[in-house]
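# Structural overview
Here's the letter readout for the chains.
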Amino acid sequence: MEKLSVYLKELRRWNRVHNLTAIEDTREIAIRHFLDSLTLSLCFKEKNVDVEKNTFCDVGSGAGFPGAVLSIYYGPVLNITLIESVSKKCAFLEFIKAELDLSYEVICKRAEHINLEFDYAVCRALGKLKDIEPILLKLSKKGAFVMKGKELPAGYQFCKIDLKDIKDSYIIFIPKTK
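Values in this document were obtained by computation on a predicted structure and should not be read as measured data.

### Let's talk about the sheet that holds strand β3 (residues 105-107)
Strand pairing in a sheet relies on backbone hydrogen bonds. The paired strands run either parallel or antiparallel. An order of β3-β2-β1-β4-β5-β7-β6 is seen for the seven strands of this open sheet, with the pairing classed as mixed. Strand pairing shows two members of the sheet lacking a second neighbour, β3 and β6 (157-161), which therefore form its edges. Direction aside, the axes of adjacent strands within the sheet are offset by 20° on average. With five bridges connecting them, β6 and strand β7 (residues 169-175) associate as antiparallel partners. When the sheet's bridge partners are listed, I161 is paired in β7 with S169. In the packing of helix α5 (residues 129-139) onto the sheet, the strands contacted are β1 (55-59), β2 (79-83), β4 (118-124), β5 (140-149) and β7, and the crossing angle to β5 comes to about 150°.

Encoded structure:
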């Protein structure tokens, strides 16, 4: 909990200058960014994804949602790379990594230009599914998790999140088929 408090404090400080998130209210940041990011852990359990035995990338990580939050939650057992193309956001991700002694890597490039492969790709609020699906599947060996909020396109596997503060939210799972 202490790491999340420091993260929140630094996010608010950096946000004044770099506009990392449009949300400024502390409670709303906690719910809509931190708690929402952690809902991926519920979906990993539902889909039997062992975080200790797989590699992950967070595409369009922004201010670290969900990748940096998952890194705090799982600790060093989570092997995750945060992919972000905006340099000021990459600088924040590197700062938070050092400040909180986290173990993720940061790649400051557009995901389309990365020629690496991870077991799973994750993303949140990245764009239209039809546009991001090919990028996510190119980066993953096993599949992709796409946090879509209340939007659930037809024909996809999904996890439904229904918590006190996050109701009727969906995480789409796209298995990689060869």
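### Focus: the state of the cysteines
The tally for this structure, following the rule as stated, stands at two disulfides. Note that C43 is cross-linked by a disulfide to C159, the S-S spacing being 2.1 Å. A torsion of 70° about the S-S bond marks the disulfide between C43 and C159 as right-handed. Taken together, the positions of C43 in helix α2 (residues 26-46) and C159 in strand β6 put the pair 116 residues apart, joining distant regions of the chain. For C43, a relative accessible area of 0% corresponds to the buried category. Relative accessible area serves as the criterion here: at 0%, C159 is assigned to the buried category. Across the disulfide from C90 sits C108; the S-S distance is 2.4 Å. With the S-S dihedral at roughly 95°, the linkage between C90 and C108 falls on the right-handed side. One end of the pair, C90, is in helix α4 (residues 87-100); the other, C108, is in the loop between β3 and β4, with 18 residues separating them in the sequence. Classification of C108 as partly exposed rests on a relative accessible area of 41%. In the protein, numbering the disulfide-bonded cysteines from first to last in sequence yields the connectivity 1-4, 2-3. Looking at the unpaired C57, the closest cysteine sulfur is the one in C123, lying at 9.1 Å.

### Observations concerning the side chain of N54
Following the sequence through the fold, N54 ends up in the loop between α2 and β1. Given a relative accessible area of 7%, N54 falls into the buried group. Here K142 takes part through its side chain, which lies 2.6 Å from a polar atom of the side chain of N54. For N54, the residues in contact, after removing those within four places along its chain, are V49, N79, D119, Y120 and K142.

### Quick look at the nonpolar core
Membership of the largest hydrophobic core comes to 40 residues, with the highest contact counts inside it found for Y7, L40, F44, F56, Y104, F145 and I171. In this view, L40 contacts P66, L70, V122, F145, M147 and I171; residues no more than four positions away in its chain are not counted. Counting 18 residues, the second largest nonpolar core, distinct from the first, contains I107, F118, L129 and L139.

Criteria and thresholds
- Residues numbered from 1 in each chain as written.
- Predicted model: local features only at pLDDT ≥ 70, side-chain atom pairs only at ≥ 80, totals over all residues.
- Heavy atoms only, no water.
- Pairing = 2+ DSSP bridges.
- Helix = DSSP H or I, 4+ residues; strand = E, 2+ residues; numbered from the N terminus.
- Axes fitted to C-alpha atoms, helices over the stretch in contact; angles between N-to-C directions.
- Contact = heavy atoms within 4.5 Å.
- Disulfide = S-S within 2.5 Å.
- Buried < 20%, exposed > 50% of the residue type's maximum accessible area, 1.4 Å probe, protein only.
- Polar contact = N/O pair within 3.5 Å; in protein donor to acceptor, adjacent residues only side chain to side chain.
- Core = buried A, V, L, I, M, F, W, Y, C linked by side-chain atoms within 4.5 Å.

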